[in-house]
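Given next are the chains, with one letter for each unit.
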Amino acid sequence: MAANMYRVGDYVFFENSSSNPYLIRRIEELNKTASGNVEAKVVCFYRRRDISHSLIQLADKHASEYSLRRSWSSVAPTRRHTQQVRAHR
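These numbers come from a predicted model, not from an experiment. (Residues numbered from 1 in each chain as written. Predicted model: local features only at pLDDT ≥ 70, side-chain atom pairs only at ≥ 80, totals over all residues. Heavy atoms only, no water.)

The next thing to look at is the overall build of the protein. What the protein contains, in helices and strands, is two helices and three strands. Sequence-ordered secondary structure for the protein, helices as α and strands as β, is β-β-β-α-α. Counting only residues that meet the buried cut, the protein has 6% of its 89 residues in that class. Relative to all contacts within the protein whose residues are 6 or more apart in sequence, the contacts with residues 24 or more apart total 7%. Of the roughly 8,000 Å² that the protein leaves accessible, carbon and sulfur atoms contribute 54%. (Helix = DSSP H or I, 4+ residues; strand = E, 2+ residues; numbered from the N terminus. Buried < 20%, exposed > 50% of the residue type's maximum accessible area, 1.4 Å probe, protein only. Contact = heavy atoms within 4.5 Å. Areas by Shrake-Rupley, 256 points an atom, 1.4 Å probe, with all protein chains shown as cover.)

Attention shifts here to the side chain of Arg-25. Structurally, Arg-25 can be placed in strand 2 (residues 23-32). Ignoring any residue separated from it by four or fewer positions in sequence, one finds Arg-25 in contact with Asp-10, Tyr-11, Val-12, Phe-14, Val-42, Val-43, Cys-44 and Phe-45.

In this section: the confidence of the model for the protein. On average, residues of the protein score 78 in pLDDT, and 73% of them are at 70 or above. For residues 80-89, every residue scores under 50 in pLDDT, and the model assigns this stretch six contacts once sequence neighbours within four places are set aside. (pLDDT = per-residue confidence, 0-100.)

This part covers the environment of Ile-24. Structurally, Ile-24 can be placed in strand 2. Residues Ile-24 and Tyr-11, 13 residues apart in the sequence, show an inter-C-alpha distance of 7.0 Å. If sequence neighbours within four positions are ignored, Ile-24 has contacts with Tyr-11, Val-12, Phe-13, Val-43, Cys-44, Phe-45 and Arg-47.

As structure tokens, this is what we get:
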């Protein structure tokens, strides 16, 4: 058995079937259980083709809202009103 070392922040690939593509995960936490096993809390990443159309629409909506909020957060509050007015003309 090969000994692999993983750390928080590492990306790992899971194979649930030899006929399916690998699943991608990022390790968020590693915890050792009382029995000596290690459990990992992971973030799952999905390919667009593997997600239902309704979820893609929802994700795209939230992504555009998030992008808009991030762009506004970099603008000084005194300039936000000016830019907002110009955008609506």
